[in-house]
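One-letter residues, chain by chain:
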Amino acid sequence: MELVASNKVVGGWHKRYRHASQTTQCDMTFAIFLPETANSGKQVPVLYWLSGLTCTDENFMQKAGAFKIANELGIAIVAPDTSPRGENVPDDEHTAYDFGLGAGFYLNATQPPYHTHYQMYDYVVKELPNLIENHFPVSKARAISGHSMGGHGALTLGLRNATRYSSISAFSPIVHPSACPWGIKALSGYLGDDKTHWQNHDAVLLIKNKQYARPLPMLVSQGTADNFLEEQLQPWHLQKVATEQNYPLQLEMCDGYDHSYFFIASYIEKHLKFHAKHF
Ligand SMILES: N[C@@H](CCC(=O)N[C@@H](CS)C(=O)NCC(=O)O)C(=O)O
């Protein structure tokens, strides 16, 4: 692992590392925030943060305003990149922002030419936590959260790995990718056109089909002034299946907030306190 950046912040540390990933077969960069309590070697729980389309490990760390409250709660935060990157990594053929680089959708692609590198599900669920737990003073208590495409990642990875995480949250998530333009483009491009292969990557279908080992506490926050609300995000689908299955979802509609990090900065304290309660 190569240290790329190191900044002291609120008594703790923000660090960026690059490493050769066996899962994605390219160099990956991630960021970690370590609270002050970790300086003395105390093992702290980890929140994995998955970012949205076009993002890297940097957006959350620079814009979410999470450090002070994460430090008070003694929580580390790990932010991976949103896709594999590098010269040999194929992009969308039209270099669109919603597929390929910056748009890995937290799944394991099966379709050429993407399947070699686009293995973000295994990277986030397995390789990254192993690396983090081997190199930093963290416990095995993990929570998962994310925004938009990363909200989709948090919901689906959390549901499918309910024994690895203690709680799930999401901001403005893509809840039903099988039925919205961003999701249909990604799932067909990475997994092929057979929709039976999409079900494991769709939070609404996972809950509908009870595809989880145990229900985890789930908090979803959605701005009412989000440009993507009607066409892409559609949280009412999640609310409906959660009610039908009695899944412990807390969905809050936040009046006047848009899709940006201004919204995340406004509600991150609530999400961090939610996860802190369940570690
Ligand atoms: N319309 C935007 C869509 C991308 C977008 O809104 N990305 C969100 C996640 S889905 C984001 O977090 N962007 C980066 C940021 O705000 O720092 C574009 O064309 O770039």
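Model, not experiment: these values are computed from the prediction.

Novice: Just give me the short version of the layout of surface pockets, but keep the residues and values in it.
Specialist: For the largest pocket, the calculated volume is near 170 Å³. In terms of lining, the largest pocket is formed by Gly52, Leu53, Thr54, Cys55, Tyr97, His147, Ser148, Trp182, Phe228, His259, Ser260 and Tyr261. Taken together, the residues of the lining of the largest pocket break down into six nonpolar, six polar and no charged.

Novice: Which residues make up the nonpolar core, and what are the values?
Specialist: The biggest cluster of nonpolar side chains holds 66 residues, and the ones touching the most others in it are Phe30, Phe105, Tyr190, Met218 and Leu238. Tallying contributions element by element places helix H3 (residues 120-135) first for this core, with eight residues. Ala31, Phe33, Ile69 and Ala79 belong to the second-largest nonpolar core, a separate cluster that totals 24 residues.

Novice: Run through the packing of aromatic side chains, naming residues and quoting values.
Specialist: For the structure on display, the rule yields 17 aromatic pairs. Relative to Phe30, the ring of Tyr17 has its centre 5.6 Å away and its plane inclined at 25°; by these criteria the two rings are stacked. With Tyr17 in strand E2 (residues 12-21) and Phe30 in strand E3 (residues 26-34), this pair connects stretches of sequence that are 13 residues apart. Phe30 carries the same exposure label as Tyr17, and that label is buried. Measuring from ring centre to ring centre gives 5.8 Å for Phe171 and Phe263, while their planes differ by 80°; the resulting arrangement is edge-to-face. In this pair, Phe171 sits in strand E7 (residues 168-171) while Phe263 sits in helix H9 (residues 261-278), placing the two residues 92 residues apart along the sequence. Relative accessible area serves as the criterion here: at 0%, Phe171 is assigned to the buried category.

Novice: Requested: an account of the site of the ligand, with residues and values cited.
Specialist: Inspection of the region around the ligand gives Gly52, Leu53, Thr54, Cys55, Asn59, Lys63, Tyr97, His147, Ser148, Phe228, His259 and Tyr261 as its neighbouring residues. Between the ligand and Asn59, the relevant distance is 2.8 Å, taken from an oxygen atom to a side-chain nitrogen or oxygen of the residue. Contact distances for the ligand include 2.6 Å between an oxygen atom and a side-chain N or O atom of Lys63. The protein chains hide 70% of the 500 Å² of surface that the ligand would expose on its own. Judged by the proximity of its atoms to the pocket grid, the ligand belongs to the largest pocket. Within the shell around the ligand, the residues separate by chemical class into five nonpolar, six polar and one charged.

Novice: Explain the pattern of salt bridges residue by residue, including any values.
Specialist: Enumeration over the complete set of coordinates arrives at 13 salt bridges. Here Arg85 ties to Asp81 by a salt bridge, and the two come within 2.6 Å at their closest N and O atoms. Taking relative accessible area as the criterion, Asp81 reaches 6% and is therefore assigned buried. Lys270 is the salt-bridge partner of Glu252, the closest N and O atoms lying 2.6 Å from each other. Of this pair, Glu252 sits in strand E9 (residues 249-254) while Lys270 sits in helix H9, placing them 18 residues apart in sequence. By relative accessible area, which is 15% here, Glu252 ends up buried.

Conventions and cut-offs
- Residues numbered from 1 in each chain as written.
- Predicted model: local features only at pLDDT ≥ 70, side-chain atom pairs only at ≥ 80, totals over all residues.
- Heavy atoms only, no water.
- 1 Å grid on protein atoms, 1.4 Å probe; cavity = no way out; pocket = protein on both sides within 12 Å on 5 of 7 lines; lining within 4 Å.
- Points joined across faces, edges and corners; volume = space filled by probe spheres on them.
- Nonpolar A, V, L, I, M, F, W, Y, C, P; charged D, E, K, R; others polar.
- Core = buried A, V, L, I, M, F, W, Y, C linked by side-chain atoms within 4.5 Å.
- Buried < 20%, exposed > 50% of the residue type's maximum accessible area, 1.4 Å probe, protein only.
- Helix = DSSP H or I, 4+ residues; strand = E, 2+ residues; numbered from the N terminus.
- Phe/Tyr/Trp six-rings, centres within 6.5 Å; stacked < 30°, edge-to-face > 60°.
- Near = heavy atom within 4 Å.
- Polar contact = N/O pair within 3.5 Å; in protein donor to acceptor, adjacent residues only side chain to side chain.
- Areas by Shrake-Rupley, 256 points an atom, 1.4 Å probe, with all protein chains shown as cover.
- Sits in = over half its atoms within 2 Å of the grid points.
- Salt bridge = Lys/Arg side-chain N within 4 Å of Asp/Glu carboxyl O.

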